[in-house]
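# Close look at the chain arrangement
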Amino acid sequence: MRSRRKIEALRQHLKTLEAAGHPVDDARFDLGLEAADRHLGGLATHALHEVYAATTPDATAALGFALGLVRRTAGDRPVVWGVQAMAELETGRIYGAGLRELGLDPGRLVLVRVKETKELLAAGEEALAGGAVGAVLLTAWGESKVLSLTATRRLSMAAGQGRATALLTRLAAQPQPSAAETRWRIRGALSRALEAEAPGHPTYAVELLRHRLGAQPRSWIMEWDRERGVFEQGGQNAGHEQPQRPALSGGLVSPAADRSAEAREEGLRRYG
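Further remarks concern helix α3 (residues 59–74). Between its first and last C-alpha atoms α3 spans 22 Å; for 16 residues at 1.5 Å apiece the expected length is 22 Å, and the two agree. In terms of residue burial, α3 counts as a mostly covered element, since 13 of its 16 residues are buried. Of the residues flanking the end of α3, it is G75, one or two places downstream, whose phi is positive at about 60°.

Right, here's the structure in full:
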């Protein structure tokens, strides 16, 4: 009995150490997809969440999923998007019309472009701690020692201080230990055609890799409904009112946002 008590005490101590430096409160947001929300128990609003692209071609899907989270958590508050230069070179510049297609207001977006990962983290911490924004989305490219456990803990603490959501999107990188409350891996998925075989909603293969509060890893196929601002069940089992509507021939991977040649020439720091 004494050994069991010692083991349980050690477990509790380890949990305390793991959570050190991570502000905990009751504020949470959900995805809108009942099955996922029931499994997750909601996502901490004033915390850090990580989104990884499964492969380099899935970068757009990862950004689309992260932007969906931004809309779910930020409400009508401003959003800061910090982007590393290499990420823009590889995936294209942010396009205001594409944001509108996702149901986001470009007028509430403040865009910060940086060259180095260190600058990205510094901008993120400052934006989070200021308390004036609803969410800060940081897009980093490639593997980097700068994105350490200590660095992500600082982001998490800044999110708690400023009562905002931090989202770190990792492109061309493999998952690694961090202070994020949740870690996700995203792939593009085949969308379902709408009426008259119009392109379907952006659709993602979403994999929960880690949940700091204990939810087990699990996968879903999710569609983003921009009109309602929610994630819905996607794929073959999607529960829509017209379940027999045909899929587009060959399938279609929905883009997360529209990018045009004009968009590559834009140099504005704020859209609107």
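Next up on the list: the nonpolar core. Membership of the largest hydrophobic core comes to 43 residues, with the highest contact counts inside it found for F65, W81 and W184. Tallying contributions element by element places α3 first for this core, with ten residues. The contact partners of W184, leaving out residues within four places of it in the chain, are L31, L40, L43, E50, V51, Y52, F65, V206, E207, L208, L209 and W220. Core analysis: the second largest hydrophobic core is formed by 21 residues, L48, L120, A127 and V136 among them.

Another aspect to go through is the pattern of salt bridges. Once their charged atoms are close, side chains differing in charge can pair, the charge on each being opposite to the other. Tallied over the full model, the rule gives twelve salt bridges. In this structure, E50 and R183 form a salt bridge, with 3.1 Å as the shortest nitrogen-oxygen distance. Of this pair, E50 sits in strand β3 (residues 48–53) while R183 sits in strand β8 (residues 182–188), and the two are 133 residues apart along the sequence. Taking relative accessible area as the criterion, R183 reaches 9% and is therefore assigned buried. Between E101 and R226 there is a salt bridge whose closest N-O contact spans 3.5 Å. Remark: R226 occurs in the loop between β10 (218–225) and β11 (230–233) and E101 occurs in helix α5 (residues 96–101); sequence separation between them is 125 residues.

Direction of pairing for β8 relative to strand β9 (residues 203–211): antiparallel, over a ladder of seven bridges. Note that in β9 the partner of R183 across the bridge is R210. Pairing of β9 with β10, which is carried by six bridges, proceeds in the antiparallel orientation. Note that in β10 the partner of V206 across the bridge is W220. Where β9 folds back onto β10 in an antiparallel hairpin, the turn is made up of six residues, including G214, whose phi is positive at roughly 110°.

A few words on helix α7 (residues 149–162). Here α7 is 14 residues long and its end C-alpha atoms lie 20 Å apart, about the 20 Å a rise of 1.5 Å per residue gives. Looking only at α7, the buried set comprises A151, T152, L155, S156, A158, A159, G160 and G162.

Now for the sheet that holds strand β6 (residues 135–141). With mixed pairing, nine strands are arranged side by side in an open sheet as β5-β4-β6-β7-β3-β8-β9-β10-β11. Only two strands of the sheet have a single partner each, and these edge strands are β5 (109–114) and β11. Here the strands of the sheet are splayed against their neighbours by 30° on average, with no regard to which way each runs. The strands touched by α3 are β3, β4 (79–84), β6, β7 (165–171), β8, β9, β10 and β11; relative to β7, the strand with the most contacts, the crossing angle is about 175°. Sheet strands in contact with α7 are β3, β6 and β7, and its direction is about 130° off that of β3.

Another point: the pairing of β10. Judged from the four bridges that link them, β10 and β11 form a sheet pairing that is antiparallel. Along β11, the bridge assignment pairs E223 with E232. Hairpin connection from β10 to β11: four residues lie between these consecutive antiparallel strands, with G229 at a positive phi of about 65°.

The rules behind the values
Residues numbered from 1 in each chain as written. Predicted model: local features only at pLDDT ≥ 70, side-chain atom pairs only at ≥ 80, totals over all residues. Heavy atoms only, no water. Helix = DSSP H or I, 4+ residues; strand = E, 2+ residues; numbered from the N terminus. Expected span 1.5 Å × (residues − 1). Buried < 20%, exposed > 50% of the residue type's maximum accessible area, 1.4 Å probe, protein only. Core = buried A, V, L, I, M, F, W, Y, C linked by side-chain atoms within 4.5 Å. Contact = heavy atoms within 4.5 Å. Salt bridge = Lys/Arg side-chain N within 4 Å of Asp/Glu carboxyl O. Pairing = 2+ DSSP bridges. Axes fitted to C-alpha atoms, helices over the stretch in contact; angles between N-to-C directions.

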